[in-house]
Amino acid sequence: MVLSDWPTFAEKSQKLIDSDGVNVVFGGWTSASRKAMLPVYEAENHMLFYPIQYEGQECSKNIFYTGAVPNQQAEACGAVADGHLTASPSARRSTWWVPTTSTQEQPTRSSKSR
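Below or above, wherever it landed, is the structure these notes cover.

Calculation rules
Residues numbered from 1 in each chain as written. Predicted model: local features only at pLDDT ≥ 70, side-chain atom pairs only at ≥ 80, totals over all residues. Heavy atoms only, no water. Salt bridge = Lys/Arg side-chain N within 4 Å of Asp/Glu carboxyl O. Helix = DSSP H or I, 4+ residues; strand = E, 2+ residues; numbered from the N terminus. Buried < 20%, exposed > 50% of the residue type's maximum accessible area, 1.4 Å probe, protein only. Contact = heavy atoms within 4.5 Å.

## A few points about the pattern of salt bridges
According to the stated counting rule, one finds three salt bridges in the structure shown. For the salt bridge of D20 with K15, the shortest nitrogen-to-oxygen distance reads 3.1 Å. One salt bridge connects E58 with R34, and the closest N-O pair in it is separated by 2.8 Å. Of the two residues, E58 sits in the loop between β2 (47-50) and β3 (63-65) while R34 sits in helix α2 (residues 31-44), which places them 24 residues apart along the sequence.

Listed below in structure tokens is the structure:
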């Protein structure tokens, strides 16, 4: 299976539930794959353990999110960067969810605000 073949994640999840009798799955590798699988686990009331960092802004009683959300990573990085960067970095040009969500969620940090 190719990691970017997101509908296949949902199909394989359905097979695990229907044919193999699995109640809990540990899997998913991208946000898109998790989002493709989400309706399957919610409809079947089964559990998915998602082991990768994720963008937050999603909550399901059928997914156990084990990875960090952006604010858990960005706060620590911001504190370190405050003491080492002279210019304000920006991640807004990226289309990947981590920098996009991180810059939306984090307040502006400044050494003057301390």
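Moving on from the model shown.
## Quick word on the environment of A10
Following the sequence through the fold, A10 ends up in helix α1 (residues 6-18). On the basis of relative accessible area, A10 is assigned to the buried category, the value being 15%. In the structure, A10 is positioned 29 residues away from P39 in sequence and 8.2 Å away in space, judged by C-alpha atoms. Not counting the four nearest positions on each side in its chain, A10 is found in contact with A36, M37 and V40.

## Notes on unusual backbone geometry
In the Ramachandran plot, N45 falls in the positive-phi region, its phi being about 55° despite a non-glycine side chain. Along the polypeptide, N45 turns up in the loop between α2 and β2.

Nothing here speaks to function; it is all geometry.
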